[in-house]
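Here is how the chains run, residue by residue.
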Amino acid sequence: MEFKFEGRAKLLTQILMVVGLIALVIGYFTTEDPDPEIGHTRWWANLLVNGFFYFSISLAALFFYALQYATESAWSVVLKRFFEAMWGFLPYGAAVMVIVLAAGEFDIHHLYHWMDGSLYDELIMVDGSEQPNPKYDAIIAGKSAYFSEGFFWGRTIAYLATFLGFAHLFRKWSLQEDAVPSLDLHYKQFRRSALFIVFFAVFSSTMAWDWIMSIDTHWFSTLFGWYIFSGMWVSMIIFTNVCMLWLRTKGYFQEVNESHMHDLGKWMFAIAMLWSYLFFSQFMLIWYSNIPEEVTYYVSRLFSTEYGTPFIAMFLINFAVPFYVLIARDAKRNPKFILPVAFLIFAGHFADVYLMVIPGTLFEHHDFGLFEVGLFLGFLGLFINRTLSTLSKASLIPKNHPMLQESKDLHY
Amino acid sequence: MNKVFHVMYDDDDKLMEAARELVGKGVHVNEVYSPFPIHGIDPIIGVKRTRLAIASFMYAMTGMSLAILGMWYFMISDWPMNIGGKPSFSLFENIPSFIPVTFEFSVLCGAHGMAITYLLRNGTLPGMPASNPDPRTTDDKFVMEITTSTNSLNAKKLEAAIKKTALLELSIKDVK
């Protein structure tokens, strides 16, 4: 069965995309700060938040797909095309990330403080004599090797090439398998998936450090990569779960039965707990040891007047709501429980990314208005549009996967 | 006189098939004894969903409350502690440092409570007398227990229905 992307769903995503475009264009002028030091920072910061959030969802889909192959999981075979569909956004997300990073490199915005080249030299030449550099930052200068232009861009290109390359190959092999049944091809995907996970294990962490953690340049946390990774994973499962509920009511994915939905509910519950665990592990160790260079991240979030309440609320919602609502078996199988939790914690995980970026870039100049809402909806529309459009390009259920029947027969 | 039938099968699929057949005829199956869990037998013989998970949740919540109460008493109330320069002497302000212990104690109480409840409810705590009718059900045989007292059919009709299934052995005993 093929999915047809048309009618109201298509129109709705297009309306959302137009809303996002309007927000993007008008917002560029309305969000400008009179202070030239800040300027368009709010516009760029929100572009980064949205670009990264949705990019990471499609990246998590790529990881989850590889995980299913590497572990030879059968249950997810009927859902496999949906994971592939989410990669449709991957090039768009990558483009947004490259635009934001390149704009930073060319001094168009100052989201990344370390991109300022004048921070690294202890002494500068003033009127022919060497003087101490007033802008010199010893901590950032200590990271100069890691943040050197060549290494940073080399890494960024390596991440994007790896992610896009593997997504392209997985998709190609998956479609090949539809045409010609081949066990060799299946084992090839199995081996390549394991290889991808090796790359992803390193790159997901360093990517999070480079693109998000480096905003608070003085701060560091080795756990940050896993924290970002668990956040993207849970957002992806939420998106899959909600779309699957919708697609099933439209008559698609009839092979996805109650047990598959239950499994998706379990994943949602489990990964929400993984995220909470990592969030708290990172926070508690920093809070307990109370070392000045480590606490800066939380001082500017948890203990600030503007970001404190949203930060605590974000954590409590993302942890307590899925925990208490989804712990029961029947709740995981019931859309009346799944949907409200899904919408709430999807927004919660967006707020998580928002609160990673904004306090470190806008400080006390932040504002949340129609621009932010519009941009979020615009990216959501683009993401859904790309996903469903990719979904319509291949058979919904893979045709010759060796474990297809086992997946269809899944129960419990 | 009530009778109890112990029907033995040498394969779990045969037992499932037989159970489906008998239940289709309106027979109530009391119990199935098997060396391992038979996937999917519960809905056939009408075993209700276990409430063990609910019990476990309650044990964990009890553990959580006890842990918080205990730490409040030890660390805040009885002998206020100053650890790592955090002498705030308030449960709320020190709660992050109590979370790991609270979590572990909740898991401990949940897991132990669940295991003990499970063994107690099944009558399989160490030292409890075995209740399976035939020792071979701990090896490679499967026994289905049907009693006349819980069935509307009489003994003869039950026996006739049972004998139509792919059974290995049938033992009929009188019980009071």
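Quick caveat, the model's predicted, so the values are computed rather than measured.

The rules behind each value
- Residues numbered from 1 in each chain as written.
- Chains lettered and ligands numbered in written order.
- Predicted model: local features only at pLDDT ≥ 70, side-chain atom pairs only at ≥ 80, totals over all residues.
- Helix = DSSP H or I, 4+ residues; strand = E, 2+ residues; numbered from the N terminus.
- Rg over C-alpha atoms; globule rule 2.2 N^0.38 Å.
- Buried ≥ 20, exposed ≤ 12 C-beta atoms within 10 Å, placed from the backbone.
- Contact = placed C-beta atoms within 7 Å.
- Core = buried A, V, L, I, M, F, W, Y, C linked by C-beta atoms within 7 Å.
- Pairing = 2+ DSSP bridges.
- Axes fitted to C-alpha atoms, helices over the stretch in contact; angles between N-to-C directions.
- Domains from an automatic or database assignment.
- Nonpolar A, V, L, I, M, F, W, Y, C, P; charged D, E, K, R; others polar.
- Parallel < 35°, antiparallel > 145°, perpendicular 65-115°, else oblique.
- Left-handed = near helix turned anticlockwise from the far one by under 90°.

1. Quick look at the overall build of chain A
- Check the secondary structure of chain A and you find 15 helices and 2 strands.
- Taken over C-alpha atoms, the radius of gyration comes to 22 Å for chain A, in line with the 22 Å a tight globule of 412 residues would show.
- Evaluated residue by residue, chain A yields a buried proportion of 41% over its 412 residues.
- A separation threshold of at least 6 residues defines the contact pool for chain A, and within that pool the share at least 24 residues apart is 79%.

2. Quick look at the overall build of chain B
- If you tally the helices and strands in chain B, you get 5 helices and 4 strands.
- Put simply, chain B runs from its N terminus to its C terminus through helices and strands in the order β-α-β-α-α-α-β-α-β.
- Over its C-alpha trace chain B gives a radius of gyration of 25 Å, far above what one expects of a compact globule, namely 16 Å for 176 residues.
- Principal-axis analysis of the C-alpha atoms places the extent of chain B at approximately 80 × 30 × 30 Å.
- The 176 residues of chain B split such that 16% are buried.
- Contacts in chain B between residues at least 24 apart in sequence constitute 76% of all its contacts with a sequence separation of at least 6.

3. What about the nonpolar core?
- Ile-57, Ala-61, Leu-62, Met-236, Met-268 and Val-357 of chain A are the most contacted members of the largest nonpolar core, which has 107 residues in total.
- The biggest single contributor to this core is helix H2 (residues 41-70) of chain A, with 20 residues.
- Counting residues in hydrophobic clusters, the runner-up holds 18 residues, among them Leu-22, Val-29, Val-143 and Ile-146 of chain B.

4. Concerning the sheet that holds strand E3 (residues 142-147) of chain B
Residue and element names in this part refer to chain B.
- On the basis of which strands lie adjacent, the open sheet formed by 4 strands has the order E2-E3-E1-E4 and antiparallel pairing. Each of the sheet's edge strands pairs with one partner strand only, and the pair in question is strand E2 (31-33) and strand E4 (169-175). Along the sheet, successive strands turn relative to each other by an average axial angle of 20 degrees, direction set aside.
- With 6 bridges connecting them, strand E1 (residues 2-9) and E3 associate as antiparallel partners. Within the sheet, the bridge partner assigned to Tyr-9 lies in E3 and is Phe-142.

5. Overview of the domain arrangement of chain B
- Once the domains are mapped, chain B shows domain 1 (2-48 + 140-175) and domain 2 (52-122).
- The straight-line distance from the C-alpha centre of domain 1 of chain B to that of domain 2 of chain B is 45 Å.

6. Observations regarding the interface of chain B and chain A
- Contact with chain B, which involves 6 residues of that partner, is made by 7 residues of chain A.
- With 3 residues, helix H4 (residues 91-122) of chain B is the single largest residue contributor to the side of chain B that touches chain A.
- A class-by-class count of the residues in the side of chain B that touches chain A yields 4 nonpolar, 2 polar and no charged.

7. Here we look at the packing of helix H9 (residues 258-289) of chain A against H4 of chain B
- Where H9 of chain A meets H4 of chain B, the closest approach of the two axes is 10 Å, and the angle between their N-to-C directions is 125 degrees. Classified by the interaxial angle, the pair formed by H9 of chain A and H4 of chain B is oblique. Every pair of crossing elements has a handedness; the one defined by H9 of chain A and H4 of chain B is left-handed. Taking contact as the criterion, the partners of Phe-280, Phe-283, Met-284, Trp-287 and Tyr-288 of chain A in H9 of chain A are, on H4 of chain B, Pro-96, Ser-97 and Ile-99 of chain B.

8. A short note on unusual backbone geometry
All names here are of chain A.
- A positive phi angle, close to 50 degrees, is found at Glu-72, a residue other than glycine.
- With respect to the helices, strands and loops of the structure, Glu-72 is situated in the loop between H2 and helix H3 (80-86).
- Positive phi outside glycine occurs at Phe-253, with the angle close to 55 degrees.
- Looking at where Phe-253 falls in the secondary structure, it is placed in the loop between helix H8 (224-249) and H9.
- Look at Phe-253 and you get buried, because 24 C-beta atoms sit within 10 Å.

9. Quick look at the pairing of E4 of chain B
Residue and element names in this part refer to chain B.
- The element E4 is barely covered by neighbouring structure, given that only 0 of its 7 residues are classed as buried.
- Summarising the sheet, E1 and E4 pair through 7 bridges and their orientation is antiparallel. Bridge assignment links Asn-2 to a residue of E4, and that residue is Val-175.

10. A short note on the packing of H2 of chain A against helix H7 (residues 183-211) of chain A
All names here are of chain A.
- Here H2 crosses H7 at 150 degrees, and the two axes come no closer than 8 Å. Here H2 lies roughly antiparallel to H7, going by the angle between them. In the crossing of H2 with H7, the sense of the turn from one axis to the other is left-handed. Contacts between H2 and H7 pair Phe-52, Phe-63, Ala-66, Leu-67, Tyr-69 and Ala-70 from the former with Gln-189, Phe-190, Ser-193, Ala-194, Phe-196, Ile-197, Phe-200 and Trp-211 from the latter.
- Its residues placed into classes, the contact of H2 with H7 shows 12 nonpolar, 2 polar and no charged.

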